[in-house]
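One letter stands for each residue in the lines below.
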Amino acid sequence: MLEALFKLKEHGTNVKTEVIAGFTTFLTMAYIIFVNPAILAQTGMDFNAVFVATCLAAAFGTAVMALLANYPIALAPGMGLNAYFTFAVVKGMGVPWQTALGAVFISGVVFVLVSSFKLREVLVNAIPHSLKLAISAGVGLFLAIIGLKSAGLITASPVTMVQLGDIHAPSTLLAVLGFFLIVALEYRKVKGAIIIGVLGVTLLSILFGLTEFKGVFSPPPSIAPTFMQMDIKSALNAGLLGVVFIFFFVDLFDTTGTLVGVSHRSGLLDKDGKLPRLKKALFADSSAIMVGAALGTSSVTAYVESAAGVAAGGRTGLTSLVVAILFLAALFVAPLAGTVPAYATAPALCYVAVLMARGLAEIDWDDITEAAPAVITAVGMPFTYSIADGIAFGFISYAAIKVLAGRYKDLSPAVLIITALWLIKFAAFG
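Parameters at a glance
- Residues numbered from 1 in each chain as written.
- Predicted model: local features only at pLDDT ≥ 70, side-chain atom pairs only at ≥ 80, totals over all residues.
- Heavy atoms only, no water.
- Helix = DSSP H or I, 4+ residues; strand = E, 2+ residues; numbered from the N terminus.
- Rg over C-alpha atoms; globule rule 2.2 N^0.38 Å.
- Buried < 20%, exposed > 50% of the residue type's maximum accessible area, 1.4 Å probe, protein only.
- Contact = heavy atoms within 4.5 Å.
- Areas by Shrake-Rupley, 256 points an atom, 1.4 Å probe, with all protein chains shown as cover.
- Lys, Arg positive; Asp, Glu negative; His and termini not counted.
- Charge placed at Lys NZ, Arg CZ, Asp CG, Glu CD.
- Expected span 1.5 Å × (residues − 1).
- pLDDT = per-residue confidence, 0-100.
- Patch = residues over 30% accessible without salt bridge, like charges linked within 9 Å, V, L, I, M, F, W, Y side chains within 5 Å.
- Salt bridge = Lys/Arg side-chain N within 4 Å of Asp/Glu carboxyl O.
- Pairing = 2+ DSSP bridges.

1. Quick word on the overall build of the protein
Okay, so step 1: For the protein, the helix and strand inventory stands at 20 helices and 4 strands.
Okay, so step 2: Against the 2.2 N^0.38 benchmark of 22 Å for 430 residues, the protein shows a C-alpha radius of gyration of 21 Å, consistent with a compact globule.
Okay, so step 3: Along the longest, intermediate and shortest principal axes, the C-alpha atoms of the protein span 60 × 60 × 45 Å.
Okay, so step 4: Of all 430 residues assigned to the protein, the portion counted as buried reaches 54%.
Okay, so step 5: Expressed as a percentage of contacts within the protein between residues at least 6 apart in sequence, the contacts between residues at least 24 apart total 81%.
Okay, so step 6: If you sum the accessible surface of the protein, you get close to 18000 Å²; carbon and sulfur atoms cover 69% of it.
Okay, so step 7: Computed over 25 positive and 22 negative side-chain charges, the separation of the two mean positions in the protein equals 5 Å.

2. Digging into helix α5 (residues 81–93)
Okay, so step 1: The end-to-end C-alpha distance of α5 is 15 Å, clearly below the 18 Å that 13 residues give at a rise of 1.5 Å each.
Okay, so step 2: Buried within α5 are the following residues: L81, N82, A83, Y84, F85, T86, F87, A88, V89 and V90.
Okay, so step 3: G94, located one to two residues past α5, shows a positive phi value of around 75°.

3. Looking at the confidence of the model for the protein
Okay, so step 1: For the protein, per-residue confidence averages 87 on the pLDDT scale, and 92% of positions sit at 70 or higher.
Okay, so step 2: Mean pLDDT across the elements of the protein ranges from a minimum in helix α7 (residues 119–126), with 66, to a maximum in helix α9 (residues 170–187), with 96.

4. Description of a nonpolar patch on the surface
Okay, so step 1: A grouping of V109, L113, F117 and L119 is seen on the molecular surface, where their side chains present a nonpolar patch of about 380 Å² in accessible area.
Okay, so step 2: Position of L113 relative to the elements: it lies in helix α6 (residues 97–116).

5. Section: the pattern of salt bridges
Okay, so step 1: Here the structure, examined in full by the defined rule, presents 4 salt bridges.
Okay, so step 2: A salt bridge links D367 to R407; the shortest N-O distance between them is 3.0 Å. With a gap of 40 residues between them, D367 in the loop between α17 (342–357) and α18 (368–384) and R407 in the loop between α19 (387–404) and α20 (413–429) connect regions that are remote in the sequence.
Okay, so step 3: When its relative accessible area of 31% is taken as the criterion, R407 is described as partly exposed.

6. What about the pairing of strand β2 (residues 154–157)?
Okay, so step 1: Direction of pairing for β2 relative to strand β3 (residues 161–164): antiparallel, over a ladder of 4 bridges. Looking at the pairing, A156 lines up with V162 of β3.
Okay, so step 2: Connecting the antiparallel pair β2 and β3 is a turn made up of 3 residues.

Right, dumping it as structure tokens:
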């Protein structure tokens, strides 16, 4: 049955290899079951309900990817998107989390429509490569500032806006140790380095009496506090169109980049460098976004950590199916998730930031009309504390610089349209 469903021989793999690859992928991304509830709970959402929603949404999206698209790619609520949901939309704009979930759901609907009518290729191909790289790096820097704040390494200052925190605090020292541990383990190619770092800091925190141990196993908590709480009607307000656009925009490029990157590494691209069954893969992503919003979590996206499973030999959807099953099994470790303090997840945020920031190295620094807008995009996100504003500044500066430099032929109609929409948004809504 597995051979008929996943075509294992055709892809040069077997059940044992795919199962090992599935476990490998899960270990590299399991940190999300601790980090995502910790971030979204800051909006007032119930921690335990978000924990359940995270596991279920990841299991659903990954299973659809496995059974429909037959790719070894796992999905879960995205890092960066959950931070934007919490810190920019809910806490920054004062939007109720129910309305923010409604915006996530609408972005999923838009994603389905765009993918169905092949508008995705037009949008993705029209966006300058430098801005794509800068958006990824900027989200990483945004995660870094959140991680540093959670670790206590930086704090607010009335004079300099931000300053060094209390570096003698035990929690801060543990967070720093956790980051060093993750980086060292990754260098040594230890599977599950991030989750080891998070749980390691948690264990030390318990031993030092900084955190109360709440247990490991229990029946899954209730999802009722977040289930079907999304407010779609309020999210359709004109003032939130920009929010819907950012959820859609970031997830679109995040998913596309991950799909192409991981598929290239696993040799799944065709002779023209294109991804077969792309439409089915995008449907898995977009449907998971809508289901995740209904369950009570921010946008679900493809995870670049899937590359770890591919490196372990994963080539088919059986790898993803194993990951989906493991996310369902994770529902029974809710007490452990509740034990993990914020400063234990901070090292994970900072490490993911390191991975995402490397996109800056691929920018064409010899062409200042490409490099300058890219830098504006990347630094705009953490310094405005908004992914949306960083992207907006990037597009506006890209168009303005190209025109003033006489390079207006570099501007595609899509870039001009997106730039105009951002200008209208700032003029009308600030």
